[in-house]
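Architecture at a glance
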Amino acid sequence: MSLLDVLSQESQVALPEKYREMSREEMEKRVAEIKEYFGDKLFIPGHHYQKDEVIQFADVKGDSLQLAQVAAQNEKAEFIVFCGVHFMAETADILTNDNQKVILPDLRAGCSMADMANIHQTELAWKVMQDQFGDTIIPLTYVNSTADIKAFVGKYGGATVTSSNAKEMVEWALSEKERILFLPDQHLGRNTAYDLGIQLHEMAVWDPINEQFECDGKLEDAKVILWKGHCSVHENFTVANIEHLRETNPNMNIIVHPECSWEVVQKSDYNGSTKNIIETIKQAPAGSEWAIGTEMNLVKRIIQEHPDKNIVSLNPNMCPCLTMNRIDIEHLLWSLELLKDGEVKNVIQVNEETAKLATLALERMLERA
Ligand code: 13P
Ligand code: SF4
């Protein structure tokens, strides 16, 4: 379900007024009590981009790969209240048993990148690519995609990837077929392929809006076809941000997420997944200086956790991911209180056929991750 589909079901998303009037202390107390009440029957995974007010209650916090892995391993919890965005909750539903229910506290917590590839566009693109390249292409999708896209990829022999394992997965895909279709994030695809020695002229872009290829080299030489999608958060880190910082503070190390553009990644000192950024800063010596190019809730937390280092956001005007921020303590408490009253609302359930095919794509990744 895309964000637009969700927004059309407005009645499902109206938070009762009482939660707006409740104090933070009261809400925190109630969440803690309900967690205690359910014990192992309730599991709250939280993505690193979630707000502090929410992440403090996560049983496990992680990046997309870690959260997919813990969902696959958890067999005890009856209710999984997912603090993240819609595609992550879908992945958790696909990887858990039928008797486990996955709940997203606010259905408006979508991902604009995932919505940049819908199944109709993808089927059309695939047909064009089959006509162009024959049976020489394998699809790979970033987990930041809808269940329909994961199912499509599973059906055609491909796999999911996350920013933590994109390199291994692209290498695997290129050992299976001559070329890959990488969707929906052109930047992660381009940065990963380039790291593996594939030149920019060996990559083409598929524009799903205008239904055409964009290519500097010869299309028939393309080893990687990148879907023209991007993250609206990470695209806000620019080469100008880096040039400004190099001028004003040449001692700063710059580390960015590979969802940033190729130009930004090339001009940075390091790039890595969410987990990699967290680990790099943890291991850096006291007194070192860092500018980080990733989501702002996480950057603020990293700053708080490392008072011995000088850390800033690469873009000083950066905001958090708006859809990640839809999950606030009000919505978390509301969904937990409904559960306690026996009302299971905002359940994310992927239909059986889609889930079966999407599992193929996810398992091809998890067995290699
Ligand atoms: P990772 O968790 O794989 O680093 O992905 C970042 C992201 O944008 C999640 O929405
Ligand atoms: Fe989607 Fe980007 Fe937000 Fe991640 S940070 S949920 S990719 S919009």
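Residues numbered from 1 in each chain as written. Chains lettered and ligands numbered in written order. Predicted model: local features only at pLDDT ≥ 70, side-chain atom pairs only at ≥ 80, totals over all residues. Heavy atoms only, no water.

Evaluation of the coordinates by the stated rule reveals 9 aromatic pairs. An angle of 90° between the planes, with centres 5.6 Å apart, marks the rings of W126 and F152 as edge-to-face. Linking W126 in helix α7 (residues 119–133) with F152 in helix α8 (residues 147–155), this pair joins segments that are 26 residues apart in sequence. Here W126 falls in the buried class, since its relative accessible area comes to 7%. Residue classification places F152 among the buried residues on the basis of a relative accessible area of 4%. Pairing F152 with Y156 gives two aromatic rings, centres 4.9 Å apart and planes at 55°, and the pair type is tilted. Put simply, the rings of Y37, F38 and F79 touch in pairs and so form one group of aromatic residues. The ring of Y37 has K340 lying over it, and the distance from NZ or CZ to the ring centre is 4.9 Å. (Phe/Tyr/Trp six-rings, centres within 6.5 Å; stacked < 30°, edge-to-face > 60°. Helix = DSSP H or I, 4+ residues; strand = E, 2+ residues; numbered from the N terminus. Buried < 20%, exposed > 50% of the residue type's maximum accessible area, 1.4 Å probe, protein only. Lys NZ or Arg CZ within 6 Å of the ring centre and 35° of its normal.)

Strand order in the open sheet formed by 4 strands is β13-β12-β14-β15, with parallel pairing between adjacent strands. Unpaired on one side and paired on the other, β13 (270–271) and β15 (310–313) mark the two borders of the sheet. Of the strand pairs in this sheet, strand β12 (residues 253–256) and β13 are connected by 2 bridges, and their pairing is parallel. Bridging from a neighbouring strand, I255 pairs with Y270 of β13. In the packing of helix α14 (residues 296–305) onto the sheet, the strands contacted are β14 (289–293) and β15, and the crossing angle to β15 comes to about 170°. (Pairing = 2+ DSSP bridges. Contact = heavy atoms within 4.5 Å. Axes fitted to C-alpha atoms, helices over the stretch in contact; angles between N-to-C directions.)

Another point: the site of ligand 1. Surveying the vicinity of ligand 1 reveals 13 residues, the closest of which are H47, S64, S163, E259 and T274. In the environment of ligand 1, an oxygen atom lies 2.9 Å from a nitrogen or oxygen atom belonging to the backbone of S64. S163 is positioned such that a nitrogen or oxygen atom in its side chain is 2.8 Å from an oxygen atom of ligand 1. (Near = heavy atom within 4 Å. Polar contact = N/O pair within 3.5 Å; in protein donor to acceptor, adjacent residues only side chain to side chain.)

All right, on to the UniProt feature "binding site: iminosuccinate" (unreviewed entry) in the protein chain then. Those residues carrying the UniProt feature "binding site: iminosuccinate" (unreviewed entry) are H47, S64, Y142, V143, N144, S163, H257, P258, E259 and T274 in this numbering. The annotated residues named above include S64 and V143 as those lining the second largest cavity. If we ignore the near neighbours within four places in the chain, the residues touching N144 are S64, F87, M113, A114, P184 and E259. Residue placement: H257 occurs in the loop between β12 and α12 (262–267). In this view, H257 contacts Y49, Y142, S163, H234, V265, G272, S273, T274, I277, G293 and T294; residues no more than four positions away in its chain are not counted. (UniProt positions renumbered as here; feature names shortened; annotations may be inferred. 1 Å grid on protein atoms, 1.4 Å probe; cavity = no way out; pocket = protein on both sides within 12 Å on 5 of 7 lines; lining within 4 Å.)

For helix α15 (residues 329–340), with 12 residues, the first-to-last C-alpha span of 16 Å sits near the 16 Å given by 1.5 Å per residue. Burial runs high along α15: 11 of the 12 residues are buried. Those residues of α15 that fall on the buried side of the exposure criterion are I329, E330, H331, L332, L333, W334, S335, L336, E337, L338 and L339. Following α15 by one or two positions, G342 adopts a phi angle in the positive range, close to 85°. (Expected span 1.5 Å × (residues − 1).)

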